[in-house]
Amino acid sequence: MLYKVEPGACDQSFGIHVAEFANFPEAVVALAKSKAEELEDFSTAPSFSDEPSEEVGSKRKRVFSPDDVTRGAARARLLLEDFAALPLDEMDGSKAMEMVAKLKSEFEKDAASNPWLQQFL
């Protein structure tokens, strides 16, 4: 099977397959598979209601559309680029906090319409 590298977010990782092709020790590959399964199943979000919830420690799979992931990753990258471009060393503390708060507010507005981004708030 051939793969093509393209820009953008990916909802899958092929690192384990590469490790297998590179003849990594079976124990290393098995551990990687175990950790990948653990990381791909997210624990339930904290509950803020008095209603009974799922069993403590139970896991559920969060599913996001590829479009949400792609748009969300692009927006997250923009936030990081905008933050990195701030001349923080030239600002006093209050101005820096004001600029960071503005970036955060704009990011939160965009995240409201993107389920993938909401997980980071």
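Going along each chain's sequence as written, the residues are numbered from 1 onward. The predicted nature of this model means local features are confined to residues of pLDDT at least 70 and side-chain atom pairs, given and counted, to a pLDDT of 80 or more, with totals for whole chains, interfaces and linings taken over all residues. In computing side-chain values, all of the structure's heavy atoms are included and hydrogens and water are not.

Draft legend 1. Broad picture of the pattern of salt bridges. Here, a salt bridge means any side-chain nitrogen of Lys or Arg that lies within 4 Å of a carboxyl oxygen of Asp or Glu. Inspection of the entire model under this criterion finds six salt bridges. A salt bridge links Arg71 to Asp67; its shortest N-O distance comes to 3.0 Å. With a gap of four residues between them, Arg71 and Asp67 both fall in helix H3 (residues 66-85), about one helical turn apart. In this structure, the salt-bridge partner of Lys104 is Glu108, at a minimum N-O distance of 3.9 Å. Residue Lys104 and its partner Glu108 are both found in helix H4 (residues 93-111); the two are separated by four residues, about one turn of the helix. Sharing partners across several salt bridges, the network here consists of Asp67, Asp68 and Arg71. A run of H or I in DSSP counts as a helix once it spans at least four residues, and a run of E counts as a strand once it spans at least two, with each numbered from the N terminus.

Draft legend 2. Structural view of the environment of Ser113. Residue placement: Ser113 occurs in the loop between H4 and helix H5 (115-118). Among all residues touching Ser113, those that are not within four sequence positions of it are Arg71 and Gln118. For Ser113, the side chain forms a polar contact with the main-chain oxygen of Asp110, separated by 3.2 Å. Note on contacts: a residue pair qualifies if any of its non-hydrogen atoms lie within 4.5 Å across the two residues. Polar contact is defined as a pair of N or O atoms within 3.5 Å, subject to the rule that within protein one atom must be able to donate a hydrogen and the other to accept it, and that residues adjacent in sequence are counted only when both atoms are side-chain atoms.

Draft legend 3. The arrangement of H4 in detail. For H4, spanning 19 residues, the distance from its first C-alpha to its last is 26 Å, which sits close to the expected 27 Å at 1.5 Å a residue. Each residue gets one of three labels from its accessible area relative to the maximum for its type: buried under 20%, exposed over 50%, partly exposed in between, using a 1.4 Å probe on protein chains only. For H4, the complete set of buried residues consists of Ala96, Leu103, Phe107 and Ala111. Buried residues of H4 fall within an arc of 80° about the axis and therefore sit on the same side. Summarising the geometry of H4, the exposed residues directed more than 90 degrees from the buried face are Ser94, Met97 and Lys109. What a helix is expected to span follows from its residue count: subtract one and scale by 1.5 Å. The directions from the helix axis to the C-beta atoms form the arc being described.

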